[in-house]
Amino acid sequence: MAKNLIAVVVLISLWYIKEVIYNTDHSLFKMLILLLVYLCLVALYLVFSDKKKFKYVVSLIKMIFVIIASMIFQPMAYFLGITVFLMLETFFSKYIGNRMYLTGVSILYLLIIQDEFMDSFILITLFSLIILYIDDSSRKRINSLQVDRNRLRLELDQQEKDLLNLKLFELNKENALKIEERNSIAQKLHDELGHTLSGSTMQIEAALMLLDKDEDKSKHMLRTVIRNLREGTDSTRRILRNIKPETASMNIQTIKLLVFETQEKSGISIDLIYDHDIVFLDHTMWYVITINVKEALTNLMKYSQATKCSIKFESLNQRYKVSINDNGIGCQNIKQGMGLSGMEERIHQVGGQLIVDGSDGFSIIMLLPLEKGM
């Protein structure tokens, strides 16, 4: 407000000086002294604008001075509008609106100003108040925008914290699942294989001791050991086969988290489709799929301009197919950058194939070798 206030005071001062030049009824020295005193009071008002008590005192003195000065030299009333505006703004801004300022000035004018002086007074008063009113409204608008901006920033920070907490929760959950899986594997291997291996070791040692004394009994013991070890191998396979669904569940949760993060950031609707056959994917395959899906979703947000996307897992004959399709702008001339080259390299390392098509939206298909043994 200070800059506009100074500008208005300077313009009114120039108008006042014009009146001084054309007026021959009053002392030139006296008229200029009145102007200088008023300008000094305005300067004090600006200097003490941050100190309420001093601001109130200066505003009141300035108001009294302008009224008295107007009686000495009538053009001093040019400053009446801006003075009343500032006084009301200082004392009563919390209780009355800006529309009241002009009313207060008009009533005060009718009390002390002569009729023949009305045109110039009203013109200058309206000009001053319009500028200050616009400035005051702009400041309030800026303050309101600043409040909205701070509120939105706080909401965004809270959303980021919530998302981070969700990520940490998912990571902790994933780590807990891994630890639980390892403990489960260790316990099952100990229960199933510990006894078998310990017993087999003792039987082999006994068979070696009887080899020279009783060959038939030694051979019988060795056949028993072989049978027990085969049973232990079958038991190990059963343990690993039962653990595979847990591994698949943990890895598909990672894919779900990537999908959730992408939807939150971009607003793109993503469908994730899979069935029980994901248990046949080993750790290496899951690593390749996860990294490639993450790269595909990053490109989806950057370039596709899509609104929908689908990620589908499906088992073929001796291959496993993972397809990512969107309804975006596609790409007729596909150039393999670092992203697509990395995806293709990872697929080839596990003996798979990458198919990319940009004719109808954008499509990425990963074909992975599948072994349903064990």
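## With respect to the overall build of the chain
Along the chain, the regular secondary structure elements total nine helices and five strands. Counting from the amino terminus, helix and strand elements in the chain follow one another as α-α-α-α-α-α-α-β-α-β-β-α-β-β. Scored against the burial criterion, the 374 residues of the chain give a buried share of 33%. Within the chain, contacts between residues at least 6 apart in sequence are counted, and of these 67% link residues at least 24 apart. Looking at the chain as shown, the accessible area adds up to about 23,200 Å², and 59% of this sits on carbon and sulfur atoms.

## Describing helix α8 (residues 283-304)
Since the α-helix turns once every 3.6 residues, residues separated by three or four places project in the same direction. Under the 1.5 Å per step criterion, the end-to-end length of α8 is 30 Å for 22 residues, consistent within 8% with the ideal 32 Å. When we look at burial in α8, the residues that qualify are M285, W286, V288, I289, T290, N292, V293, A296, L297, L300 and S304. Sitting at the head of α8, D282 places a side-chain oxygen 3.2 Å from the backbone nitrogen of T284. Taken from the residues just after α8, Q305 is the one with a positive phi, measuring 60°.

## With respect to the sheet that holds strand β2 (residues 308-315)
Strand order in the open sheet made by the five strands is β1-β2-β3-β5-β4, with mixed pairing throughout. Two strands lie at the open edges of the sheet, namely β1 (269-273) and β4 (353-357), each paired on one side alone. On average, each strand axis in the sheet is inclined to that of its neighbour by 10°, with strand direction left out of account. Contacting β1, β2, β3 (319-326) and β5 (362-369), α8 crosses the sheet at an angle of about 175° to β5.

## A closer look at the pattern of salt bridges
A complete count under the given rule lists one salt bridge for this structure. For E314, the salt bridge identified is with K321, shortest N-O distance 3.7 Å.

## Some points on unusual backbone geometry
Here the phi dihedral of Q305 falls at roughly 60°; this positive angle occurs in a residue that is not glycine. Inspection of the secondary structure assignment puts Q305 in the loop between α8 and β2.

## Notes on the nonpolar core
The biggest cluster of nonpolar side chains holds 35 residues, and the ones touching the most others in it are I255 and F313. Elements that contribute at least two residues to this core include exactly α7 (215-266), α8, β2, β3, α9 (338-349) and β5. Each residue touching I255, except ones within four places of it in the same chain, is listed here: L272, W286, I289, T290, V293 and F313. One finds Y16, F65, F79 and L80 within the second-largest nonpolar core, a separate group that totals 26 residues.

## Focus: the pairing of β1
The sheet contact formed by β1 and β2 spans five bridges and is parallel. Bridge pairing in β2 places I273 opposite K312. Between the parallel pair β1 and β2, the chain is carried across by α8, and the sense of this crossover is left-handed.

## Thoughts on the packing of α8 against α9
Interhelical geometry of α8 versus α9 gives an angle of 165° and a closest axis separation of 10 Å. Here α9 runs roughly antiparallel to α8, going by the angle between their axes. Note on packing geometry: the crossing formed by α8 with α9 is left-handed. In this structure, α8 contributes V288, I291, N292, E295 and A296 to the contact, and α9 contributes G339, M343, R346 and I347.

## Some points on the confidence of the model for the chain
Per-residue confidence for the chain gives a mean pLDDT of 76, with 69% of residues at or over 70. Counting interchain partners and residues more than four positions distant, the pLDDT-below-50 stretch residues 95-99 has five contacts.

## A closer look at the side chain of S323
With respect to the helices and strands, S323 occurs in strand β3. Its relative accessible area of 5% is what places S323 among the buried residues. The contact partners of S323, leaving out residues within four places of it in the chain, are S310, I311, K312, I364 and I365.

Scoring rules and cut-offs
- Residues numbered from 1 in each chain as written.
- Predicted model: local features only at pLDDT ≥ 70, side-chain atom pairs only at ≥ 80, totals over all residues.
- Heavy atoms only, no water.
- Helix = DSSP H or I, 4+ residues; strand = E, 2+ residues; numbered from the N terminus.
- Buried < 20%, exposed > 50% of the residue type's maximum accessible area, 1.4 Å probe, protein only.
- Contact = heavy atoms within 4.5 Å.
- Areas by Shrake-Rupley, 256 points an atom, 1.4 Å probe, with all protein chains shown as cover.
- Expected span 1.5 Å × (residues − 1).
- Polar contact = N/O pair within 3.5 Å; in protein donor to acceptor, adjacent residues only side chain to side chain.
- Pairing = 2+ DSSP bridges.
- Axes fitted to C-alpha atoms, helices over the stretch in contact; angles between N-to-C directions.
- Salt bridge = Lys/Arg side-chain N within 4 Å of Asp/Glu carboxyl O.
- Core = buried A, V, L, I, M, F, W, Y, C linked by side-chain atoms within 4.5 Å.
- Right-handed = clockwise from strand over helix to strand, strands pointing away.
- Parallel < 35°, antiparallel > 145°, perpendicular 65-115°, else oblique.
- Left-handed = near helix turned anticlockwise from the far one by under 90°.
- pLDDT = per-residue confidence, 0-100.

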